[in-house]
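Geometric and topological summary
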Amino acid sequence: MAPAKAATKSKTTTQNKVVKKSVGDSKKPISTNKGVGKDNIKVKEFKSDKKPLNKDNKKTTTDKDNENGSKPNEPKKKLTKKEKREEKFEKKSKFDKNHSLVRDLKILWVKIKEIKLSSEDRATLIEQLTQKLKGNVLNVIVKHDASRVVQTLLKYGNETQREIVFTELKDHELTISKTQYGRFLILKLLKYGTEEQRNTIIKQFYGKFVSMISHKESSSVVEYIFSEIASKLQKTHIIEEFYGPEYRLFKTEQPRTLDSIVETSPQKKESIITYLSSQLTKILSSKGERLVQFSIVQTLLIEFFKHASPDNCVDMSETLGELLLPMIHSKEGSQVAYYVISYATPKTRKAIVKSLKDFIPKIASEEYGFLALVRLLDVTDDTQMIIKSVFNELIPVLPECSVTKQGSLWILHLLTPYSPQNFTEQTLSLLTKSMVNSCGIQHEISKKDREQRRKELLGWISPKLIELCSNHTQELLSSQWGTKVLNQTLKNADGNKIILMKRILDLLEEDFLEEQHINIQSLLRNDHIKSTDLPQQLIEKHNWIDLCTKNQNIVYIYRDLLKSLPNDLKEKATLELKKSKSKLEATKFKGIENLFNLKDDLELQQQNEEKKSTAATTTVVEEKKKPAAATTAAATKKVTEESKPTTTTKKVTKTTTVPTTATKKSTTKK
């Protein structure tokens, strides 16, 4: 019964529907009761504003159409491209007065841009361009196409033509720098203008750099001025505006840093740092990802981390935790990353590692990015996180990293930490156990011991490094830094190295010895190789005397190889050398003399070591005998004073002074 009821309801609803019968598109309906349809459906008629249609659905012609002279069924003509362009030009020129001028300028601009154009023709075209631009530069530069025209004028024009543009833009630099296309013109003026023009533009911006850096368009102008153009004094003027409002008004006459300001007036330190932190938080909160790339922001952050309290540094490191990737590639940015990683909590370090995901191999091989990676390995207590997220990305790229300078530094830091052979003094001064600010306040970085962290990481990566060296021995020995990695893995890595030693022995053929003699020499000086039987096997592999007669570089390799041999084998090798002395000397190579003076060199080394060890004892003995020497010197003075007139007494004085020197020599020998 239910479906039958639904059917009856639908019939009644369709009967009560009102159908809109449109005789046009008029909006006002007029209800009529002229008739009812077959299904008793009410009909509504509409008034029409449009022309009535014929039976064939074609519009009827009116008097207006006949007045224009157009035929009723004639289609419209298609316009050509030129006609369309002219029509568009006419429309734009109605509401833009400078549109015709811009069009003429663009025609000249296209001709000037041609590469094959001669300098004389270009000069004439630029002169025409300047004549048309006179008095209209400010009206034109806001537009994207006209701004490029003025930029080409600054690029190819002479000083007088640039001066015309500069004078028209004078006192409007700030407003132009904040426009989308005008800022490019300011950048070109700073690039191609004279020093006086640059200085006047920079003076116009004094007191407004803080507001300009947070602006979308003018921030790039501030960065270009600071990084490319500004002198040391101008840089101090720009940076000091972020220290407080008083520094915007009163400028120094000499360049200075925040250290010198704090030394002269330490009471200002707190106010400077609070104002600086407030400005930095504004910059980083609004457009941090973009502005962090600027060198001016990076220098301000470095100054903040140097002088702020540890608590403020920890807070700043939390805000910068996920913004390290854009700035880690520059010199100042890598130092900021170093400070952020050092002051970061374990939670923020985890966020840092997460933000650097998929970019760690690139950071490891960069000129400045390695510092952040080395510090991350040096500080993070959670070694399992480092193994999972950092090492798993680096292991596939180990062959490429180990050959380059920057790429191999993190490997060498794990094998030989804090070595001056790998790092400069500046980087070693940064890799400290705890952070200390300018006031001397210490901040502990981590809880684990350094050696414990290193052992955990090295224990995991040692087999991977041995596998790398055994599979890529030739590539490593062919580069300076790869040889260092190979030497340190042989020394400090834990694991089975038998396969690696076989690969090294198989690789050392005659051609390879000639090419990579310097790297092979450093390899033969390795303590681990001296403790193995590789030198003995290498001596038996080649006829070294014949090789030495062929190439001079092999002479130096043979000398280091003889030094690495045990004493009994060394004596045998020297006897063979003496037999073929005349043959080797006939070559007149420079290193031949050192081969025969091998024992003497070893004795000299031993003597030097003995002298160094006995130096401490001799100094103690000399200090004890200083009063005795003083008494003898006084006695000699008395004798000389008494024996002034005679010549024989002079001889006596000489004889008296001799025992003192003899006693000194005897003490030194003892």
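Going by the structure above, here's the rest.
A quick note: this is a predicted structure, and the numbers were derived from the prediction, not measured.

Details of the overall build of the chain
When you go through the chain residue by residue, the secondary structure sums to 43 helices and five strands. Counting the 670 residues in the chain, one finds 40% classified as buried. Partitioning the intrachain contacts of the chain with sequence separation of at least 6 by distance along the chain shows that 66% fall at a separation of at least 24. For the chain, the accessible area works out to roughly 40,400 Å², and carbon and sulfur atoms hold 52% of it.

Details of the packing of aromatic side chains
Enumeration according to the criterion identifies 10 aromatic pairs in this entry. With a centroid separation of 5.6 Å and an interplanar angle of 5°, the aromatic rings of Trp 544 and Tyr 558 are classed as stacked. Taken together, the positions of Trp 544 in helix 36 (residues 544-550) and Tyr 558 in helix 37 (residues 553-564) put the pair 14 residues apart, joining distant regions of the chain. One aromatic cluster is present, built from ring pairs that chain together Phe 304, Phe 305, Tyr 338, Tyr 339 and Tyr 343. Here the guanidinium or amino end of Lys 113 rests over the ring plane of Trp 109, the centre of that ring lying 4.1 Å away. When the ring centre of Tyr 206 is taken as origin, the NZ or CZ atom of Lys 251, which lies over that ring, is 4.8 Å away.

Some details on helix 8 (residues 159-169)
Burial in helix 8 covers these residues: Gln 161, Arg 162, Val 165, Phe 166, Glu 168 and Leu 169. Across the axial projection of helix 8, the buried residues extend over an arc of 165°, all falling on one side. Turned more than 90 degrees away from the buried face of helix 8, the exposed residues are Glu 159 and Thr 160. For helix 8, the secondary structure elements touched by its buried residues are helix 5 (119-133), helix 6 (137-140), helix 7 (144-156), helix 9 (173-177), helix 10 (182-192) and helix 11 (195-205). Once helix 8 finishes, Asp 171 follows within two positions and takes phi at roughly 70°, a positive value.

Regarding the side chain of Thr 252
Structurally, the position occupied by Thr 252 is in the loop between helix 15 (246-249) and helix 16 (258-264). Taking the relative accessible area as the measure of exposure, Thr 252 reaches 15% and is therefore buried. A distance of 3.2 Å separates the side chain of Thr 252 from the backbone oxygen of Gln 254, its partner in a polar contact. When neighbours within four sequence positions are excluded, Thr 252 is seen to be in contact with Leu 233, Thr 236, His 237 and Glu 240.

Reading the values: the criteria
Residues numbered from 1 in each chain as written. Predicted model: local features only at pLDDT ≥ 70, side-chain atom pairs only at ≥ 80, totals over all residues. Heavy atoms only, no water. Helix = DSSP H or I, 4+ residues; strand = E, 2+ residues; numbered from the N terminus. Buried < 20%, exposed > 50% of the residue type's maximum accessible area, 1.4 Å probe, protein only. Contact = heavy atoms within 4.5 Å. Areas by Shrake-Rupley, 256 points an atom, 1.4 Å probe, with all protein chains shown as cover. Phe/Tyr/Trp six-rings, centres within 6.5 Å; stacked < 30°, edge-to-face > 60°. Lys NZ or Arg CZ within 6 Å of the ring centre and 35° of its normal. Arc of directions from axis to C-beta. Polar contact = N/O pair within 3.5 Å; in protein donor to acceptor, adjacent residues only side chain to side chain.

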